[in-house]
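A closer look at the structure
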Amino acid sequence: MHPILHGKRLIAFDLDGTLIDSVPDLAAALKRTLGELELAVPDEHQVREWVGNGAPVLVERALTWAAGQPPKAHLQARAFEGFMQHYGAAPNALTRLYPKVKNALEALHQAGFTLVLITNKPERFIAPILEHFGLKDWFALCLGGDTLAEKKPSPMPLLHAADRFGFAPHECLMVGDSRHDIGAGKAAGFATLALPYGYNHGDPIELSQPDVLLPTLGELYEAASA
Ligand SMILES: O=C(O)COP(=O)(O)O
Ligand SMILES: [Mg+2]
């Protein structure tokens, strides 16, 4: 077993950039939204660097890029509504699971870990995506960016999850792709595990100094079944 799993009872997973490559669908929804507002349309590569702080900030970053200045409240509200509608209509059209995700979740669940999902994505999108990929049953709890008063990098959702199942922070591990996951994990007193293939605003995740960096979830899966 990988040393990071020793003494752990709960594993909290990030969603976007950790379990799923969701940027193609996020970018498609943003493109439609900005196109309808007759603004410049970003490419997928640009959108990849904007993901991580939830949907309102994603929309705000896109509008700021398109108009060269932060959006006024009414434009932000209109664009946010459009984005939520377009993304909600097709959250799984182009989204793909990263390698070994299913095997890892299954193995960790069978090894007795409590698995929870803590994403900054709006809560309403979580179930349709997890159901589409057949992942929903592995998670004992799912928290979105708008479920509680604070989202990652706040430790609040992580501490909420630990408390719900009666585990101390040192019995918990946060697994994610961005500085917000590692920051929230450290602030909560969780151990932290980073994956390098997701979205971290263009920076290497090593800069956040996670306890462990693994190339894919396959290594955690092998650790769980070993
Ligand atoms: O919606 C976002 O901005 C990022 O979502 P995540 O927390 O699952 O990476
Ligand atoms: Mg992420």
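As the structure is a prediction and not an experimental result, all values here were calculated from the model.

**Quick word on the environment of Asn103**
- As for its position among the elements, Asn103 is in helix 5 (residues 101-110).
- Spatially, the C-alpha atoms of Asn103 and Pro122 are 26 Å apart, while their sequence positions differ by 19 residues.

**Brief notes about empty space enclosed by the protein**
- All told, the structure shown has one cavity of 30 Å³ or more when counted by the stated rule.
- Of the volumes computed, that of the largest cavity is approximately 230 Å³.
- Around the largest cavity, the lining is made up of 21 residues, and of these Asp16, Val51, Gly52, Gly54 and Lys121 lie nearest the centre.
- Each of domain 1 (3-21 + 95-225) and domain 2 (23-89) accounts for three or more of the residues forming the lining of the largest cavity.

**Focus: the domain arrangement of the chain**
- With domains assigned, the chain is organised as domain 1 (3-21 + 95-225) and domain 2 (23-89).
- Every contact between the two is made by 14 residues of domain 1 and, on the other side, 16 residues of domain 2.
- Between domain 1 and domain 2 lies a buried interface of about 1,300 Å² when both sides are counted; carbon and sulfur atoms form 55% of it.
- Our count for the contact surface shared by domain 1 and domain 2 stands at one salt bridge.
- Asp21 is the partner of Arg48 in a salt bridge, and the nearest nitrogen-oxygen pair spans 3.4 Å.
- Scanning the region where domain 1 abuts domain 2 turns up seven residue pairs in polar contact (both at pLDDT 80 or more).
- Of the residues belonging to the side of domain 1 that touches domain 2, the class tally is four nonpolar, five polar and five charged.

**A look at the coordination of the magnesium ion (ligand 2)**
- Looking at the magnesium ion (ligand 2), the protein donor atoms are Asp14 (OD), Asp16 (O) and Asp177 (OD), and they sit 2.2 Å from it.
- Here the donor residues of the magnesium ion (ligand 2) share one chain and are spaced in sequence as D-x1-D-x160-D. Of the two residues, Asp16 sits in the loop between strand 1 (10-13) and strand 2 (20-21) while Asp177 sits in the loop between strand 6 (172-176) and helix 8 (179-188), which places them 161 residues apart along the sequence.
- Under the relative-accessibility criterion, Asp16 is labelled buried at 8%.

Conventions adopted
- Residues numbered from 1 in each chain as written.
- Chains lettered and ligands numbered in written order.
- Predicted model: local features only at pLDDT ≥ 70, side-chain atom pairs only at ≥ 80, totals over all residues.
- Heavy atoms only, no water.
- Helix = DSSP H or I, 4+ residues; strand = E, 2+ residues; numbered from the N terminus.
- 1 Å grid on protein atoms, 1.4 Å probe; cavity = no way out; pocket = protein on both sides within 12 Å on 5 of 7 lines; lining within 4 Å.
- Points joined across faces, edges and corners; volume = space filled by probe spheres on them.
- Domains from an automatic or database assignment.
- Contact = heavy atoms within 4.5 Å.
- Buried area = accessible area lost by both parts, 1.4 Å probe.
- Salt bridge = Lys/Arg side-chain N within 4 Å of Asp/Glu carboxyl O.
- Polar contact = N/O pair within 3.5 Å; in protein donor to acceptor, adjacent residues only side chain to side chain.
- Nonpolar A, V, L, I, M, F, W, Y, C, P; charged D, E, K, R; others polar.
- Donors = N, O, S within 2.8 Å, 3.2 Å for Na, K, Ca; no water.
- Buried < 20%, exposed > 50% of the residue type's maximum accessible area, 1.4 Å probe, protein only.

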